[in-house]
Amino acid sequence: MAAQPVSRVVRRVLRAGVRSCSSGAPVTQPCPGEPVVEVPSRPRPFLGERAAPFSAFLTDSFGRRHSYLRISLTERCNLRCQYCMPEEGVPLTPKADLLTTEEILTLARLFVKEGVDKIRLTGGEPLIRPDVVDIVAQLRRLEGLRTIGITTNGINLARLLPQLQKAGLSAINISLDTLVPAKFEFIVRRKGFHKVMEGIHKAIELGYSPVKVNCVVMRGLNEDELLDFVALTEGLPLDVRFIEYMPFDGNRWNFKKMVSYKEMLDTLRRQWPELEKLPEEESSTAKAFKIPGFRGQVSFITSMSEHFCGTCNRLRITADGNLKVCLFGNSEVSLRDHLRGGASEEELLRVIGAAVGRKKRQHAELFLMRQDSPPALPSTFWNSLRVQVLRHRVSFSSQIVTLWKGGGVPQAPLVAQQWLGSSLPQRHFSSHLDSDANPKCLSPTEPQAPAASSGPLPDSEQLTHVDTEGRMAMVDVASAVVLLGPVAFKLIQENQLKKGDALAVAQLAGIQAAKLTSQLIPLCHHVALSHVQVQLELDRARHAAVIQASCRARGPTGVEMEALTAAATAALALYDMCKAVSRDIVLAEIKLVSKTGGQRGDFHRT
């Protein structure tokens, strides 16, 4: 559990004792005989009063005092997250137009003099900047700076963290959107899951507490991992921070991808009813919760559903030296140009003060997007659309905790161990089995009995598939075959494809497609799936991959389209992974295998 923040009274005393400029006047003193220009006081309806005055240059017209500065050290990144940038990257600013190390430190020094007590280094990916350790060491020397943080994707963290800690780094945020290596590779388009895990382990080992793990939650992609992430906080000093997905023009995604804070909280409370809310810190963007007895905590960044504009205390400097007073706003002012134009400290403060003074009460872009979003509907409607997390896969999370406690790094997810450790000539890949799933349906270890025809379809209004609690349930199974040819087959069997693990990627693609069927097939209505399972098995005799997909849903509607979409998309993904090796690949035998439930009775293909 994180140490409780220092009280406001202590913070005020410290700030008053160390700040050389807390009056709000410019740092440079007026020459003798010059009149002293007084900055008029401004209303402060949003934040509580401080004992000592705060710099007027960093206080906006709504009384928000900006004591937190985020500095981007680079535009470059060593990952290509799907929600962040295209696979080919983005056009980069010429190096000559980026801030130099000295310019970064000059601006940081100026902001700290005026009241900033926390600086976070961001990117791009800040840890790919060669002099990042030296920058942290220089920032540490600034009197009055209480916190130096960094937000990183974690790829280089384990290697650099000992040096960064010695230089003065005091807080770490690590971005991680999934605990499944194959899904990680799908999301970021790069390998590196184990490096990120190693970085988290190193941060815990070096005594950082809490280690903040940022997870952007996206519907149809990782909302089914909420419980696994929270389970990690039982034995580890983590603050898992679930961030609402923020749609914007650059990522071309929409509100359908967003999972709201309340929806996530409902999911957690079904598993842990004892979840309790923690007091909110001043100007905090996170709503924090804790499960009694757990070492860590969980937080929600509610950027979209419950914005925190009213208490925003953040300013941002981009890698090319532009000051942004709002992440969503397009308004920027170039501090770099003023620096290189020879502006004095006083002139820089005037430019900064003018930009801060123009900051809006609420980011307008968010308001406009909210107007375009679907109208509010009853919670029962949204619950019917939600892919329910019906069980807690604690086994994978426990495995990670055990390995971390022992100083190890997770080498593979539990689902992958089913085939990675197999001595059979075939490789199998399947998703988790529910406790009530039919083991003969998709089991890699039991042969599937030949299916018999169900005979004539009964004409009856009585549903034929009802669970023990009297609820209607539909279970549909579809299959597909990918004829790979000997070359591609051998590479997949030995997991030697340059693009990565083809079976893992295909399995993930199938699961994702099942959830998105209504968006892919125009006249298919949305069905809230309670279970999706995809299995791939290699058939040596035919040099083929056999795919089976099973979908389950509660309610009076079939899910054969979801199962067929899963099987077909898994086959397409397998083709995509192998097309560089051979174009002589055939997708065949996409068909419905069985359907259980519905007014027309069961169906089993012979």
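Residues numbered from 1 in each chain as written. Predicted model: local features only at pLDDT ≥ 70, side-chain atom pairs only at ≥ 80, totals over all residues. Heavy atoms only, no water.

Caption draft 1: Structural context of the overall build of the chain. Looking only at helices and strands, the chain has 19 helices and 18 strands in total. Taken across its 606 residues, the chain has 51% of its residues classed as buried. Taking all contacts inside the chain whose residues are at least 6 apart in sequence as the whole, residues at least 24 apart take part in 72%. (Helix = DSSP H or I, 4+ residues; strand = E, 2+ residues; numbered from the N terminus. Buried < 20%, exposed > 50% of the residue type's maximum accessible area, 1.4 Å probe, protein only. Contact = heavy atoms within 4.5 Å.)

Caption draft 2: Expanded view of the packing of helix α3 (residues 132-140) against helix α4 (residues 157-167). Relative to each other, α3 and α4 sit at 20°, their axes nearing to 8 Å. Compared by their axis directions, α3 and α4 come out roughly parallel. Every pair of crossing elements has a handedness; the one defined by α3 and α4 is right-handed. Taken together, the residues of α4 that come into contact with α3 (itself represented by Val132, Val133, Val136, Ala137 and Arg140) are Leu160, Gln163, Leu164, Lys166 and Ala167. Looking at the contact of α3 with α4 residue by residue, the classes come out as 7 nonpolar, 1 polar and 2 charged. (Axes fitted to C-alpha atoms, helices over the stretch in contact; angles between N-to-C directions. Parallel < 35°, antiparallel > 145°, perpendicular 65-115°, else oblique. Left-handed = near helix turned anticlockwise from the far one by under 90°. Nonpolar A, V, L, I, M, F, W, Y, C, P; charged D, E, K, R; others polar.)

Caption draft 3: Fine view of the pairing of strand β3 (residues 147-152). Most of β3 sits out of view: 5 of its 6 residues are buried. For the crossover from strand β2 (residues 118-122) across α3 to β3, the handedness is right-handed. (Right-handed = clockwise from strand over helix to strand, strands pointing away.)

Caption draft 4: Quick peek at the pairing of β2. Across the 5 residues of β2, 4 count as buried, placing the element largely inside the fold. Pairing of β2 with β3, which is carried by 4 bridges, proceeds in the parallel orientation. Looking at the pairing, Arg120 lines up with Gly149 of β3. (Pairing = 2+ DSSP bridges.)

Caption draft 5: The arrangement of the environment of Tyr208 in detail. Here Tyr208 is to be found in the loop between α6 (193-205) and β5 (211-217). On the accessibility criterion, Tyr208 (7% relative accessible area) is buried. Taking the C-alpha atoms as reference, Tyr208 lies 9.8 Å from Leu169; in sequence the two are 39 residues apart. Setting aside its immediate chain neighbours within four residues, Tyr208 contacts Leu161, Gln165, Leu169, Ser170, Ala171, Ile172 and Ala203. A polar atom in the side chain of Tyr208 sits 2.8 Å from the backbone oxygen of Leu169. (Polar contact = N/O pair within 3.5 Å; in protein donor to acceptor, adjacent residues only side chain to side chain.)

Caption draft 6: Just the packing of aromatic side chains, in detail. Considering all chains together, one arrives at 6 aromatic pairs under this definition. Arranged with centres 6.2 Å apart and planes meeting at 90°, the rings of Phe229 and Phe242 form a pair that is edge-to-face. With Phe229 in helix α7 (residues 226-231) and Phe242 in strand β6 (residues 238-244), this residue pair connects regions lying 13 residues apart in the sequence. The same class applies to Phe229 and to Phe242, which are both buried. Residues Phe289 and Phe300 carry aromatic rings whose centres are separated by 5.7 Å and whose planes lie at 80° to one another, so their mutual orientation is edge-to-face. A residue pair is termed long-range when its members are at least 10 positions apart, and Phe289 in strand β8 (residues 286-290) and Phe300 in strand β9 (residues 297-301) qualify at 11 residues. Every member of this aromatic cluster is reached through a ring pair, and the members are Phe229, Phe242, Tyr261, Phe289 and Phe300. Looking at Lys277, its charged tip hangs above the ring of Phe289, at a distance of 5.8 Å from the centre. (Phe/Tyr/Trp six-rings, centres within 6.5 Å; stacked < 30°, edge-to-face > 60°. Lys NZ or Arg CZ within 6 Å of the ring centre and 35° of its normal.)

Caption draft 7: Looking closely at the side chain of Arg316. Within the secondary structure layout, Arg316 lies in strand β10 (residues 314-317). Here Arg316 sits buried without a salt bridge, and the closest side chain of opposite charge, Glu332, lies 10 Å off (N-O distance). Leave out the neighbours within four places in its chain, and Arg316 touches Leu69, Arg70, Asn322, Leu323, Lys324, Cys326 and Leu327. (Lys, Arg positive; Asp, Glu negative; His and termini not counted. Salt bridge = Lys/Arg side-chain N within 4 Å of Asp/Glu carboxyl O.)

Caption draft 8: Quick look at the nonpolar core. Phe111, Ile119, Leu139, Leu176 and Phe242 are the most contacted members of the largest nonpolar core, which totals 93 residues. With 7 residues, the top contributor of residues to this core is helix α2 (residues 101-114). Those residues in contact with Leu176 that sit more than four places away from it in its chain are Phe184, Phe193, Val196, Met197, Ile200, Val213, Asn214, Cys215 and Phe229. Core analysis: the second largest hydrophobic core is formed by 37 residues, Ile492, Leu529, Leu538 and Ala566 among them. (Core = buried A, V, L, I, M, F, W, Y, C linked by side-chain atoms within 4.5 Å.)

Caption draft 9: Quick look at the sheet that holds strand β1 (residues 68-72). Strand order in the open sheet formed by 12 strands is β7-β8-β9-β6-β5-β4-β3-β2-β1-β10-β11-β12, with mixed pairing between adjacent strands. Looking at strand neighbours, the two that pair on one side only are β7 (276-277) and β12 (332-334), the edges of this open sheet. Inspection of the sheet shows β5 paired to β6 by 7 bridges, in the parallel sense. Note on β6: the bridge partner recorded for Val216 is Ile243. In the packing of helix α8 (residues 261-271) onto the sheet, the strands contacted are β5, β6, β8 and β9, and the crossing angle to β9 comes to about 160°.

Caption draft 10: Broad picture of the side chain of Ser594. Looking at the secondary structure, you find Ser594 in strand β17 (residues 586-596). Residue Ser594 is classed as buried on the basis of its relative accessible area of 11%. Look past the residues within four positions of Ser594 in its chain and what remains in contact with it is Val475, Asp476, Val477, Phe603 and His604.

Caption draft 11: Structural context of the environment of Cys578. Here Cys578 shows up in helix α19 (residues 560-578). For the pair Cys578 and Phe489, spaced 89 residues apart in sequence, the C-alpha separation works out to 9.1 Å. Apart from residues no more than four positions distant in its own chain, Cys578 is found in contact with Leu484, Ala488, Ile492, Leu497 and Ile585.

Caption draft 12: View of the confidence of the model for the chain. Residues with a pLDDT of 70 or more make up 69% of the chain, whose mean pLDDT is 75. Here residues 1-52 is modelled with pLDDT under 50, and outside its nearest four sequence neighbours on either side it reaches 82 contacts, counting other chains as well. pLDDT under 50 marks residues 405-467. Its contacts with residues more than four places away, or in other chains, come to 126 contacts. (pLDDT = per-residue confidence, 0-100.)

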